[in-house]
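Next come the chains, spelled out residue by residue.
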Amino acid sequence: MQLSQLLGVQPGITALTGGGGKTTALYTLARELAEEGSVICATTTRIFPPDHLPVLQRADLQELSEALERRRCLCVGVPAPEGKLAQPALPLQTLAGLARYVLVEADGSRGLPVKAHLDHEPVIPLGTDLTVGIVGASGFGRPVREAVHRWERFCALTGAAAEEPVTEESVARLLEAEGLADKIFINQAESARAMTAARHLAERLNCPVFAGSLQGGIWTCLS
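Cut-offs and rules
- Residues numbered from 1 in each chain as written.
- Predicted model: local features only at pLDDT ≥ 70, side-chain atom pairs only at ≥ 80, totals over all residues.
- Heavy atoms only, no water.
- Core = buried A, V, L, I, M, F, W, Y, C linked by side-chain atoms within 4.5 Å.
- Buried < 20%, exposed > 50% of the residue type's maximum accessible area, 1.4 Å probe, protein only.
- Helix = DSSP H or I, 4+ residues; strand = E, 2+ residues; numbered from the N terminus.
- Salt bridge = Lys/Arg side-chain N within 4 Å of Asp/Glu carboxyl O.
- Polar contact = N/O pair within 3.5 Å; in protein donor to acceptor, adjacent residues only side chain to side chain.
- Disulfide = S-S within 2.5 Å.
- Contact = heavy atoms within 4.5 Å.
- Pairing = 2+ DSSP bridges.
- Right-handed = clockwise from strand over helix to strand, strands pointing away.

### Quick word on the nonpolar core
- In terms of nonpolar packing, the biggest core is built from 31 residues, with Val 148, Phe 154, Ile 184, Ile 186, Leu 205 and Val 209 touching the most fellow members.
- Those elements giving two or more residues to this core turn out to be α5 (144–147), α6 (151–158), α7 (168–178), β10 (183–187), α8 (192–203) and β11 (209–213).
- Looking at this core, the element that brings in the most residues is α8, giving six residues.
- The next biggest cluster of nonpolar side chains, apart from the first, holds 28 residues, and it includes Leu 6, Leu 29, Cys 75 and Leu 103.

### Overview of the pattern of salt bridges
- Applying the stated criterion to the full structure yields seven salt bridges.
- Residues Glu 163 and Arg 145 are paired through a salt bridge, measuring 2.7 Å at the closest nitrogen-oxygen approach. Of this pair, Glu 163 sits in the loop between α6 and α7 while Arg 145 sits in helix α5, placing them 18 residues apart in sequence.
- Given the relative accessible area of 41%, Arg 145 is considered partly exposed.
- As a salt-bridge pair, Glu 169 and Arg 204 come within 3.0 Å of each other at their nearest N and O atoms. One end of the pair, Glu 169, is in helix α7; the other, Arg 204, is in the loop between α8 and β11, and 35 residues separate them in sequence.
- In this structure Glu 169 comes out as partly exposed when scored by relative accessible area, which is 32%.
- Put simply, Asp 107, Lys 115, Glu 121 and Arg 150 are held in one network by salt bridges that share partners.

### Thoughts on the side chain of Asn 187
- Topologically, Asn 187 is positioned in strand β10.
- Engagement of the side chain of Asn 187 in a polar contact is seen with the backbone oxygen of Gly 20, the distance being 3.3 Å.
- Only 2.9 Å separates the side chain of Asn 187 from the backbone nitrogen of Leu 214, close enough to count as a polar contact.

### Remarks on the state of the cysteines
- Under the criterion given, the structure shown has zero disulfides.
- Cys 207 takes part in no disulfide bond, and the closest cysteine sulfur to it belongs to Cys 221, at a distance of 11 Å.
- A relative accessible area of 18% means that Cys 207 is categorised as buried.

### Looking at α7
- Looking at α7, one finds that the buried residues are Glu 168, Ser 170, Val 171, Ala 172, Leu 174, Leu 175 and Glu 178.
- Its buried side turned inward, α7 meets β7 (114–115), β8 (130–136), α6, β10 and α8.
- One or two residues past the end of α7 sits Gly 179, with phi positive at roughly 60 degrees.

### Examining the pairing of strand β2 (residues 39–43)
- For β2, the tally of buried residues reaches five of five residues, placing the bulk of the element in the interior.
- Side chains Val 39, Cys 41 and Thr 43 project from β2 onto one buried face, and the interleaved Ile 40 and Ala 42 project onto a second face that is buried too.
- Looking at chain direction, β2 and strand β6 (residues 101–105) are connected through five bridges and run parallel. Counterpart to Ala 42 in the pairing with β6 is Val 104.

### With respect to the pairing of strand β4 (residues 73–80)
- Burial within β4 is extensive, with seven of its eight residues counted as buried.
- Sheet topology places β2 next to β4; three bridges connect them, and they run parallel. The residue of β4 that forms the bridge with Val 39 is Cys 73.
- Pairing analysis gives three bridges linking strand β3 (residues 55–57) to β4, with the strands arranged parallel. Directly across from Val 55, in β4, lies its bridge partner Cys 75.
- Taken together, β3, helix α3 (residues 61–70) and β4 constitute a β-α-β crossover, and its handedness is right-handed.
- A loop of three residues connects β4 with strand β5 (residues 84–86), the two strands running antiparallel in sequence, and Glu 82 in this loop sits at a positive phi of about 65 degrees.

Shape is all these values report; function is a separate question.
Listed below in structure tokens is the structure:
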């Protein structure tokens, strides 16, 4: 089963939040969904422009529409420092009127597997139809201070100490306290031990949970 089918991605805006794997998920979904309709990839934070897709900067509606006729999948954004792209100049709801699917990386985690959020995070676009939170299983067992972006916030929400290991229980407390995602994907579950931890986490959550390896193209439904 394709990732887009597993997650139940429908036409409209899908936002990806959380820790390690958002960019891989973004382009995996884009590749799959381009087989059935037009796709725009974008961000509400900052991402590096992809080298495998056309990148349109400061394009107007006509330019975007014409580009989507030539290529079914595009990346749209405005230039940002360090060679990155920032949120498109056009509202994402406007882009959703041009493309069948708009996929948005709506969070940053500095490459860490787990992300706790400040009050202004994540930057989920207005009109988002589905929000998928990603958790990296490589964070389990590592000290909170090393594995979590915004670890101070993680500690405040979960009661964990900075030097304690990240556990399925503490991540479940985080996700339940924040309530930011409609569905959870546990990435980097590439070993029996990691998949067992993912199942334990899924048992503690009250939303659909999936797990697998985005890099490896393997995934399954846990709840």
